[in-house]
Amino acid sequence: MRVYKEHLIPCGSKVKQALEMFNCLAQDAILFVVDIEGKLMGALTDGDVRRGLLKGYNIDSVVDSIIQKKPKYIVKGDNSLQKIIDYREANVRVLPVVDENHRVVNVINFRVLKSYLPIDAVIMAGGRGKRLQPLTDKVPKPLLKVGNKAIMEHNLDRLTLFGIDEFWISVKYLGDQVESYFGCGKEKNINIKYVKEDKELGTIGAVSKIENFEHDYILVTNSDLLTNIDYEKFFIEFLEQEADLAVLTIPYQVNIPYAVLETNNGIVTSFKEKPTYTYYSNGGIYLMKKEVLNHIPNNTFFNATDLMEKLIKDNCKVLSYPFVGYWLDVGRHEDLEKAKMDIKHIKF
């Protein structure tokens, strides 16, 4: 993945330098001119350079003279997903992301990314992985390899593919290895911070230790999932249903090989011939409004199921999001072997 600063050029730079940068950027050849504080001043394409040369400028002229002074951009934390979709559908491929002070903090490329979701992601990676012993005696479960990547890297890369760039990773068992592997996220154009569990806090309790989320929506996921979920569709359904929390659910069908009788006080009222019943299991991915975090007790063992029960009791809207794509919880040896086979064939 290209480092976003490769698209940035300081004001006062010469056209010659811009041309050299275009050559390196190849099909992604667009530059964003920034001032000494990193604030966005304008955009520059090879077309702007050609038009400038026709007007009498030359390769020793400064780029400031030929830039587009009102470029399209995205504001970090802007919750308008429709704006992102509109840009993408209008074939606006490369866009700068600015903070509240108009400083460029990222550049997104829809040739590489599918979306740019205004979400912070928390990956729960502190578990011991007992069912995968002895593999997890010296390596934490999130770092076990599936194909050429760690399990959790597949998970993180899927989130990154949808433009999520603010991450928290909750660590405990062999957490130093996880931190060493992923670092601060710079190489993936994302920001990664870590929350350390000094005691077991359940499947969501560690989230209570995070105070400085960037966005109004939080996604919490287990680290050992392998899935090709479309996070944009998940987010859109969450917004349209005006949910407080949405949970990914996995349909599970039970086929009854006999006729099932329905009775009332011993009287048969109807029957179904070899019916199929569909149940929904917890898929371990949760999307919620930031204010939902107030329902999680501080630094206390607390599971995601506890949170959902509490929200339902408090008359909050908890949404089930049935998912029929690829999903695998890599929790056992047989699951790990299946993941290693599936990764060769499933499109992620």
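Residues numbered from 1 in each chain as written. Predicted model: local features only at pLDDT ≥ 70, side-chain atom pairs only at ≥ 80, totals over all residues. Heavy atoms only, no water.

A.B. asks: Tell me about the nonpolar core, residues and numbers included.
C.D. replies: Counting 50 residues, the largest nonpolar core has F167, I169, F182, Y231 and F234 as its most contacted members. If we skip the residues at most four places from it in the chain, F234 touches L219, I229, A246, V247, L248, I285, L287 and Y321. (Core = buried A, V, L, I, M, F, W, Y, C linked by side-chain atoms within 4.5 Å. Buried < 20%, exposed > 50% of the residue type's maximum accessible area, 1.4 Å probe, protein only. Contact = heavy atoms within 4.5 Å.)

A.B. asks: So what's going on with the side chain of T221? Residues and values would help.
C.D. replies: Mapped onto the secondary structure, T221 falls in strand β12 (residues 217-222). Relative accessible area serves as the criterion here: at 1%, T221 is assigned to the buried category. Apart from the residues within four sequence positions on either side, T221 is in contact with V122, I123, M124, N155, L159, G284 and I285. (Helix = DSSP H or I, 4+ residues; strand = E, 2+ residues; numbered from the N terminus.)

A.B. asks: How would you explain the side chain of E232 if you had to name every residue and give the values?
C.D. replies: In this structure, E232 sits in helix α6 (residues 231-240). In this structure E232 comes out as buried when scored by relative accessible area, which is 10%. If we skip the residues at most four places from it in the chain, E232 touches L81, I85, R88, K114, S115, L117 and F162.

A.B. asks: Could you give an account of the sheet that holds strand β3 (residues 40-45), with specific residues and numbers?
C.D. replies: One open sheet accounts for three strands, arranged β1-β2-β3; its pairing is mixed. The strands lining the two open edges of the sheet, one partner per strand, are β1 (8-10) and β3. Averaged over all pairs of adjacent strands, the angle between strand axes in this sheet comes to 35°, irrespective of strand direction. Judged from the three bridges that link them, β1 and strand β2 (residues 30-34) form a sheet pairing that is parallel. (Pairing = 2+ DSSP bridges. Axes fitted to C-alpha atoms, helices over the stretch in contact; angles between N-to-C directions.)

A.B. asks: Summarise empty space enclosed by the protein; cite the residues concerned and give the values.
C.D. replies: Under the defined criterion, the tally for this structure stands at one cavity of 30 Å³ or more. Space inside the largest cavity adds up to approximately 80 Å³. I74, V75, D78, I84 and Y116 are, among the 13 residues lining the largest cavity, the residues nearest its centre. When residues of the lining of the largest cavity are traced back to their parent elements, those giving at least two are β4 (74-75) and α3 (81-89). The biggest single contributor to the lining of the largest cavity is α3, with three residues. (1 Å grid on protein atoms, 1.4 Å probe; cavity = no way out; pocket = protein on both sides within 12 Å on 5 of 7 lines; lining within 4 Å. Points joined across faces, edges and corners; volume = space filled by probe spheres on them.)

A.B. asks: Let's hear about the sheet that holds β4: which residues, and what values?
C.D. replies: What the three strands build is an open sheet, ordered β4-β5-β6; its pairing is mixed. A strand with exactly one partner marks an edge of an open sheet, and here the two such strands are β4 and β6 (104-109). With five bridges joining them, strand β5 (residues 94-98) and β6 adopt antiparallel strand pairing. Looking at the pairing, L95 lines up with I108 of β6.

A.B. asks: Which residues make up the pattern of salt bridges, and what are the values?
C.D. replies: With the rule as written, the count across this model stands at 24 salt bridges. A salt bridge links K340 to E337, with the nearest nitrogen and oxygen atoms 3.8 Å apart. Residue K340 and its partner E337 are both found in helix α8 (residues 333-342); the two are separated by three residues, about one turn of the helix. Look at K340 and you get partly exposed, because its relative accessible area is 33%. The class of E337 is partly exposed, set by a relative accessible area of 45%. Among the charged side chains, a salt-bridge network with shared partners connects K76, D165, E166 and K193. (Salt bridge = Lys/Arg side-chain N within 4 Å of Asp/Glu carboxyl O.)

A.B. asks: Which residues make up unusual backbone geometry, and what values do they have?
C.D. replies: For the bond from Q133 to P134, the omega torsion is 5°, close enough to zero to count as cis. Looking at the secondary structure, you find P134 in the loop between β7 (119-124) and β8 (145-146). Residue N189 is not a glycine yet carries a positive backbone phi of 60°. With respect to the element layout, N189 can be found in the loop between α5 (175-182) and β11 (191-196). Its identity as a non-glycine residue notwithstanding, N265 has a phi of 55°, on the positive side.

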